Each structure stands twice: as C-alpha cells, then as structure tokens.
Amino acid sequence: LAFEEKMSAEQLAACTERFVGFVRQDDREAAHAYMKGLLREYPADCDLKLNAAGWVAVLQMTFPEDEEMSGQRKALYEAVYASGNSAQRQFAANALASIAIQEDRTEDARRYLEETEGRTEDAALLSIQLEQKMGENDKALEEIQKQLYHAVSQALQMLMMLMQTTKTTALLQANLKHSKIL
C-alpha cells in the first residue's frame, strides 16, 4: 500500500465538494465511506482530519439518527491534537475543550484550554463557558471584562491607523495635484 503524505488545498476543496454532493443526495453511506476512504489514503493529513471532523458534524446534523458518528468527530480532533503541529494542535485543543464542556467533562476541558499556546479568542470564550458551567461566575465576568477591554483597545488602534492612513493619503493627493499645476 502506498500512502500519500498530504492533499493539496485544491484536492481537499474538490473532496469537500464531492462529500457535500453525497450529503445533498441523501446518501449517508456513500458520504461516510468516501470520508473513511480518504482518511485511509491520507492517514497523516491533519488538514483532511480537521475537514473530516467538520464533515462528521454535517453528517450529524443531516442524519441525527446516526449514533455511529458521535465519537468520530472527537477521535479526529484527538488525532490532530496528538500530531504535534502547533497551529492545528491548538485548533484541535479548542474543539476538544468545547466537546468536553458539552459533555460536562470540566477537568478535561480545563486541561485542553491550559495546554493551548497563548490565549486566542476561541480559548478565551471557551474558558468563559467552562467557568460559567463550573459556577465560577466572578472569574467568567473578569475574563469577559478583559476580552472586552482588549477588543475595544484593538478597535481604537485600528481607528487611529485608519485616521493616519486617511491623512497621509489626503496629503499625497494634495501634493500630486499641486505638482501637476506646476
């Protein structure tokens, strides 16, 4: 058996379209078999695994009676989490934390969130949900305030840059008009 290391972005997009086509045709078995076949063909492709986790979510929404899907999404995220790729690991950790919160596994959720590098907005929001679920409303409120302060600060910085860029552009346009007159 020969395995390809990784799919190109174009291949992955085409596979997603084909998968969606099976779902639109209401063919759960074909969609599931197609996904499993791709995962066997590209066992080390974390991008495919992340997409497949999304595909499983689509299958769960489209075919809610299918009990078989419940653990597959989690297993795909766990595989990506174990892969070692930093950005993908952080995304998977956030997804696993979200699943753990939904399943009332608060210690697992906390562990995933603590392992994320830095505090992304996703991790911060999940931390707030976890704190609320654990009844730590004061901590949740403090984190909400920090996130709001950060968001407002960023918005103000962007507005200042916009104003500076607008001034510079207007000054350049005025100089160009003046130079054309001479």
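Further up the page is the structure itself.
Conventions adopted
Residues numbered from 1 in each chain as written. Predicted model: local features only at pLDDT ≥ 70, side-chain atom pairs only at ≥ 80, totals over all residues. Heavy atoms only, no water. Patch = residues over 30% accessible without salt bridge, like charges linked within 9 Å, V, L, I, M, F, W, Y side chains within 5 Å. Areas by Shrake-Rupley, 256 points an atom, 1.4 Å probe, with all protein chains shown as cover. Salt bridge = Lys/Arg side-chain N within 4 Å of Asp/Glu carboxyl O. Helix = DSSP H or I, 4+ residues; strand = E, 2+ residues; numbered from the N terminus. Contact = heavy atoms within 4.5 Å. Buried < 20%, exposed > 50% of the residue type's maximum accessible area, 1.4 Å probe, protein only. Core = buried A, V, L, I, M, F, W, Y, C linked by side-chain atoms within 4.5 Å. Phe/Tyr/Trp six-rings, centres within 6.5 Å; stacked < 30°, edge-to-face > 60°. Lys NZ or Arg CZ within 6 Å of the ring centre and 35° of its normal.

> Which residues make up a nonpolar patch on the surface, and what are the values?
Residues Val152, Leu156, Leu159 and Leu162 make up a contiguous nonpolar surface patch of roughly 390 Å² in combined accessible area. You can see Leu159 is positioned in helix α8 (residues 137–181).

> Give me the environment of Cys46: which residues, what numbers.
Residue position: Cys46 is located in helix α3 (residues 46–62). Put simply, Cys46 and Asn85 are 39 residues apart on the chain and 8.4 Å apart in space, counted from C-alpha to C-alpha. Among residues more than four places away in sequence, those in contact with Cys46 are Val80, Ser83 and Gln88.

> Explain the environment of Thr166 residue by residue, including any values.
Along the chain, Thr166 turns up in helix α8. The class of Thr166 is partly exposed, set by a relative accessible area of 47%.

> Can you break down the nonpolar core residue by residue, with the values?
Core analysis: the largest hydrophobic core is formed by 40 residues, its most contacted members being Met7, Phe19, Leu38, Leu48, Trp55, Leu59 and Tyr77. Elements supplying a minimum of two residues to this core: α1 (9–24), α2 (28–41), α3, α4 (70–81), α5 (86–102), α6 (106–115) and α7 (121–133). Once residues lying within four places of it in the same chain are set aside, the contact partners of Tyr77 are Leu50, Ala53, Phe91, Ala92, Ala95, Leu96 and Ile99.

> Describe the packing of aromatic side chains, naming the residues involved and giving the relevant values.
Within this structure, the stated rule accounts for three aromatic pairs. Taking NZ or CZ as reference, Arg89 lies 3.9 Å from the ring centre of Tyr81, over its face.

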